[in-house]
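# Report on the structure
Below are the chains, spelled out letter by letter.
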Amino acid sequence: MEQKHEVGEGVHPLTHGDRAGGPGGAPGPRDGTGHAGHAGHAGHAGHAGHAEDTEDAEAVRRPAGDRETSRANRGWWDRNADEYQNDHGDFLGDTRFVWGPEGLDEAEAELLGPAEQLRGLDVLEVGAGAAQCSRWLAAQGARPVALDLSHRQLQHALRIGGDPGRPGFPLVEADARALPFADGSFDLACSAFGAVPFVADPERVFAEVARVLRPGGRWVFSLTHPLRWSLADEPGPEGLTVLASYFDRTPYVEEDGAGRTVYAEHHRTLGDRVRELVGAGFRLEDLVEPEWPEWNQQVWGGWSPLRGRLVPGTAVFVCTLA
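Residues numbered from 1 in each chain as written. Predicted model: local features only at pLDDT ≥ 70, side-chain atom pairs only at ≥ 80, totals over all residues. Heavy atoms only, no water.

Moving on, we come to the packing of helix α6 (residues 202–212) against helix α7 (residues 270–279). Where α6 meets α7, the closest approach of the two axes is 9 Å, and the angle between their N-to-C directions is 40°. Considered as vectors, α6 and α7 are oriented oblique to each other. Between α6 and α7 lies a crossing whose hand is right-handed. Here Pro 202, Glu 203 and Phe 206 of α6 lie close against α7, whose contacting residues are Arg 273, Glu 276 and Leu 277. (Axes fitted to C-alpha atoms, helices over the stretch in contact; angles between N-to-C directions. Helix = DSSP H or I, 4+ residues; strand = E, 2+ residues; numbered from the N terminus. Parallel < 35°, antiparallel > 145°, perpendicular 65-115°, else oblique. Left-handed = near helix turned anticlockwise from the far one by under 90°. Contact = heavy atoms within 4.5 Å.)

Another point: the side chain of Asp 148. Of note, Asp 148 is situated in strand β4 (residues 143–148). Here Asp 148 is buried and forms no salt bridge, its nearest opposite-charge partner Arg 74 lying at an N-O distance of 8.0 Å. (Buried < 20%, exposed > 50% of the residue type's maximum accessible area, 1.4 Å probe, protein only. Lys, Arg positive; Asp, Glu negative; His and termini not counted. Salt bridge = Lys/Arg side-chain N within 4 Å of Asp/Glu carboxyl O.)

So, about helix α2 (residues 66–92). Look at α2: only 29 Å from first C-alpha to last across 27 residues, short of the 39 Å you get at 1.5 Å a residue. Within α2, the axis deviates most sharply at Asn 80, by approximately 55°. Positioned one or two residues after α2, Gly 93 has a phi angle of 70°, which is positive. (Expected span 1.5 Å × (residues − 1). Bend = angle between axes of the 7 residues up to and from the residue.)

What follows is about the nonpolar core. If you look at the biggest cluster of nonpolar residues, it comprises 30 residues, and the most contacted ones within it are Leu 124, Phe 181, Val 209, Trp 219, Phe 221 and Phe 282. Looking at this core, the elements with two or more residues in it are β3 (122–126), β4, β6 (186–192), α6, β7 (213–224) and β11 (314–321). A total of five residues in this core trace back to one element, the largest contributor, which is α6. With near-sequence residues (within four places) excluded, Phe 282 lies in contact with Phe 206, Val 209, Ala 210, Leu 213, Trp 219, Leu 277, Cys 319, Thr 320, Leu 321 and Ala 322. Grouped together as the second largest cluster of nonpolar side chains are 19 residues, Trp 99, Leu 121, Ala 142 and Leu 188 included. (Core = buried A, V, L, I, M, F, W, Y, C linked by side-chain atoms within 4.5 Å.)

In this section: the pattern of salt bridges. A full pass over the atoms with the stated rule returns 21 salt bridges. In this structure, Arg 96 and Asp 105 form a salt bridge, with 3.2 Å as the shortest nitrogen-oxygen distance. Looking at Arg 96, the relative accessible area reads 25%, which means it is partly exposed. Where Arg 211 meets Asp 183, a salt bridge forms, and the shortest distance between an N and an O atom there is 2.8 Å. Of the two residues, Arg 211 is situated in helix α6 and Asp 183 in the loop between β5 (171–173) and β6; the sequence distance between them amounts to 28 residues.

Moving on, we get to the pairing of β6. Within β6, seven of the seven residues are buried, which leaves the element mostly enclosed by the surrounding structure. As judged from the three bridges shared by β3 and β6, these two strands associate in the parallel manner. Residue pairing in the sheet places Leu 124 in a bridge with Ala 189 of β6. One ladder, built from six bridges, connects β6 with β7; its direction is parallel. Paired with Cys 190 across the strands is Val 220, a residue of β7. Following the chain from β6 across α6 to the adjacent parallel β7, one finds a crossover that is right-handed. (Pairing = 2+ DSSP bridges. Right-handed = clockwise from strand over helix to strand, strands pointing away.)

With 81% of its residues at a pLDDT of at least 70, the chain reaches an overall mean of 85. Scored below 50 in pLDDT, residues 1–41 shows 181 contacts in the model against residues more than four places distant or in partner chains. Note that pLDDT drops below 50 for residues 48–53; the model gives that stretch 17 contacts with residues more than four away or on any other chain. (pLDDT = per-residue confidence, 0-100.)

Inspection of every chain in the model, using the stated rule, returns 15 aromatic pairs. Note on Trp 76 and Trp 77: the rings are 4.8 Å apart at their centroids and 70° apart in plane angle, and the pair reads as edge-to-face. By relative accessible area, which is 0% here, Trp 76 ends up buried. The interplanar angle of 75° and the centroid separation of 5.9 Å between the aromatic rings of Phe 193 and Trp 303 together place this pair among those described as edge-to-face. (Phe/Tyr/Trp six-rings, centres within 6.5 Å; stacked < 30°, edge-to-face > 60°.)

Listed below in structure tokens is the structure:
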């Protein structure tokens, strides 16, 4: 199968996108799941209060534009990538494809399709972080390209991929809202908690993914379940209390002492997501809400066995380009 994307030949494995915008590096199992947040706040997935984050940041709910959001989230992940990979690298593994804090593994879920059918397919991972998912895809014989907005996250991908016994693949530092690939470059696109909630205009991300997919291509992505935005962002019993309206789409923003945005996250309802996908030309095939398994006793930010057994924490959208 001929590869149309132009990222491997004559390009350094760590390639810089030249347009600002959507955060390819986003809080998720790969690039920031967890976002555990600050005590008592609701209406956001929340981030894990890393020591390297801006210490005097104040959480507010207010509008945040696309460039403002991009600049803030790129900076946040460049500052916090080291601690994130150190804290969560063991759970994620170097070559696993995990869809969320519940531990749903693609090797078992097969949301992209049976593993044996991935061989030879061109796959784009959006918001790849340290590219653990892409590394798993490469091991199945696929040809992945791992894209992220955070330079530091991709440096971790280079570090992990330094083992010569593991398959190599391109790493691209670029904007999820302006993908630097030709039309029809990929058979599949995927994202484990990357990009989608961390842009002000997710419709643009979906339109870009649709553009670079071939006819009938599959787009599978996970994010914090929208229901969580209405609950206190805590792993204990207090995290089962409704503090905000599910229908309040005002972004969650963290500001430094000078009022500058240092982090931003955007909420949409389940219905909003479906309409965005349909508007971009996708057909929703499945909506997976992983249940919390008995074996998983970890607390990851606002995700915990207590909450996970009562309310969904992750939503995985399985779509096909119509």
